[in-house]
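So the chains spell out like this:
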Amino acid sequence: MPAPLIQIRTTPDLPQEADVVVIGGGVVGVFTAYYLARRGVKVALVEKGLVGAEQSSRNWGWCRQQNRDARELPMATKSLDLWEKLAGETGEDTGFRRCGLLYLSQNENELAGWAKWRDFARTAGVTTHMLSQQEATEHGRATGRVWKGGVFSPSDGTADPSRAVPVTARAIMAAGGTVHQNCAARGIEVSAGRVSAVVTEKGTIRTPVAVMAGGAWASSFCHQLGVRFPQASIRASILAVAPGANDLPDALHTAEISMTRRSNGGYTLAISGRARVDPTPQQLRFSHEFLPMFARRWRSLAPGGLEGWRQGHETLRKWQLDEVTPMETNRILDPKPDTKQIRLTHSRACDLMPGMRQMPISDVWSSYIDSTPDGVPAIGEVESIPGFILAAGFSGHGFGIGPGAGHLIADLITGNPPIVDPRPYRPERLNASAWGRVADF
């Protein structure tokens, strides 16, 4: 585990039945199970490896409204409120705090885009402040540079990716649910046309509802059921530096580098959007659907190698329910970091923030960020299999909006009024072309 992650003890014995089985112990799966358990639903969460061990612990930790696509903004706003309430509900600290997010720029077009988003955000009741040259330079004084302008979003914040998912998993068990690590779901059983059970490597759980929240593994799992879910992933590489740098912003984005203060006082460093595209069987299958996304993002992406093929998460192979699956042979997606990008990231950070030059690199890691063709998650029941709910394709936004997504899924299952309008997330929309519908941010 190159990315920091606290590890927890979970439920040893698999239940014979449950009202709902959640497949995948990332941020979306864990919050789904948490909100179900709080409503008295008998819920079991199964995770092939360790809860939070993939993208949910390998992200920046940002919980933001700023620059969200209009379809995701309501969920982002609700999620911030849920993040804030969580510690009081559970007694567990996720590291969440509304420290505000700072964006600085030297580019007039970029500033104009942020101003346009500010005007839109006002209509949704979201406050964000455009910064003048003087204000931006003052906010970014640690850089020693003069900035043309920027944005500060005071109500946004960060949580700790190393602990948010594990401590919420503990809260599931405290609320009466069960959590099972090292327990891969191999598939589902269907009776009379709808979900009747989830088959795991440790046994079968009878259930009328299964939630697929498997992150980058979701499409290959759906493929076993004859469900076509266009999904592709990119390999991002991140590093962390040790504590010791003082008087730096808590969370900063620039075109050169983005940085986030961690709970231990160190910083996570990344280049926004920069990633490798590793060819896989699944990527080749869905390449046509992702042309609009690639046309929007190609400047940030570079060709990768065979790392994705070796990992096996985007296989088109089918397996039987009584055989070992790719999820069992690769419990945790842990791809090799792009060393060239790591060196560039660290060099840029030291150039931007002179106070960081004395801080050694403490951790280096990589992860697969899964996406849909339009960059908006797929959340909802799959029409062809009643009782099978898809919750995947969060496109690098899942950590921040995880609480809202989990709450929405729990609402749909229990029949409660949805916390946000579920229609923008319907999986069926992916049957149409994504041209003109790719997320702006």
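Above this text is the structure in question.
How each quantity is defined
- Residues numbered from 1 in each chain as written.
- Predicted model: local features only at pLDDT ≥ 70, side-chain atom pairs only at ≥ 80, totals over all residues.
- Heavy atoms only, no water.
- Helix = DSSP H or I, 4+ residues; strand = E, 2+ residues; numbered from the N terminus.
- Expected span 1.5 Å × (residues − 1).
- Bend = angle between axes of the 7 residues up to and from the residue.
- Buried < 20%, exposed > 50% of the residue type's maximum accessible area, 1.4 Å probe, protein only.
- Pairing = 2+ DSSP bridges.
- Axes fitted to C-alpha atoms, helices over the stretch in contact; angles between N-to-C directions.
- Phe/Tyr/Trp six-rings, centres within 6.5 Å; stacked < 30°, edge-to-face > 60°.
- Parallel < 35°, antiparallel > 145°, perpendicular 65-115°, else oblique.
- Contact = heavy atoms within 4.5 Å.

Chemist: Can you help me understand helix α2 (residues 73-90) in this one?
Modeler: Because an α-helix completes one turn every 3.6 residues, residues spaced three or four positions apart along the sequence face the same direction. Its 18 residues give α2 an end-to-end C-alpha distance of 26 Å, which sits within 8% of 26 Å, the value for a rise of 1.5 Å per residue. At glutamate 84, α2 shows its largest bend, some 30°. Taken residue by residue, α2 has Leu73, Met75, Ala76, Ser79, Leu80, Leu82, Trp83 and Leu86 as its buried positions. Glycine 91, located one to two residues past α2, shows a positive phi value of around 75°.

Chemist: Is there a simple way to think about the sheet that holds strand β9 (residues 185-191) in this case?
Modeler: Hydrogen bonds along the backbone pair up the strands of a sheet, which may run parallel or antiparallel. Pairing is antiparallel in the open sheet, where 3 strands are placed in the order β9-β10-β11. Both outer strands of the open sheet, β9 and β11 (203-206), are each paired with one neighbouring strand and no more. On average, each strand axis in the sheet is tilted by 25° relative to the strand beside it, whichever way the strands run. Here β9 pairs with strand β10 (residues 194-200) via 6 bridges, running antiparallel. Bridged to alanine 185 within β10 is threonine 200.

Chemist: Help me understand the sheet that holds strand β12 (residues 210-212), please; the structure alone is not making it clear to me.
Modeler: Spatial ordering of the open sheet is given by β8-β2-β1-β12-β21-β20, a layout of 6 strands whose pairing is mixed. Of all strands in the sheet, those with a lone pairing partner are β8 (178-180) and β20 (378-381), marking the two edges. Each strand of the sheet is rotated relative to its neighbour by a mean of 15°, with strand direction disregarded. Taken together, the 3 bridges between strand β1 (residues 20-23) and β12 define a ladder with parallel strand orientation. When the sheet's bridge partners are listed, isoleucine 23 is paired in β12 with methionine 212.

Chemist: Got a minute to help me understand the pairing of β1 in this structure?
Modeler: Looking along a regular strand, one sees side chains alternate from face to face of the sheet. Going residue by residue along β1, you find Val20 and Val22 tucked away on one face and Val21 and Ile23 tucked away on the opposite face as well. Relative to strand β2 (residues 43-46), β1 is paired through 4 bridges, and the arrangement is parallel. Its bridge partner being in β2, valine 20 is matched across the sheet by valine 43.

Chemist: Explain the packing of aromatic side chains to me, please; I cannot follow it from the model alone.
Modeler: Both the distance between ring centres and the angle between the ring planes are used here to describe each pair of aromatic rings. Considering all chains together, one arrives at 11 aromatic pairs under this definition. With a centroid separation of 6.5 Å and 85° between ring planes, the pair formed by phenylalanine 31 and tyrosine 34 is classed as edge-to-face. Placement of the pair is phenylalanine 31 and tyrosine 34 together in helix α1 (residues 27-38), with a separation of 3 residues, close to one helical turn. The burial state of phenylalanine 31 is the same as that of tyrosine 34; both residues are buried. Pairing tryptophan 117 with phenylalanine 120 gives two aromatic rings, centres 6.1 Å apart and planes at 70°, and the pair type is edge-to-face. On the criterion of helical spacing, the pair formed by tryptophan 117 and phenylalanine 120 is a turn pair, its members being 3 residues apart in helix α3 (residues 108-123).

Chemist: Just checking my understanding: could you explain the packing of α2 against helix α12 (residues 398-414) for this structure?
Modeler: Two packed helices can be described by the angle between their axes and the distance between those axes. At their nearest, the axes of α2 and α12 sit 7 Å apart, and the two run at 90° to each other. Comparing their axes, α12 and α2 come out roughly perpendicular. Contact with α2, carried on its side by Met75, Ala76, Ser79, Leu82 and Trp83, involves Phe399, Gly400, Ile401, Gly402, Pro403, Gly404, Ala405, His407 and Leu408 of α12 and no other residues of that element.

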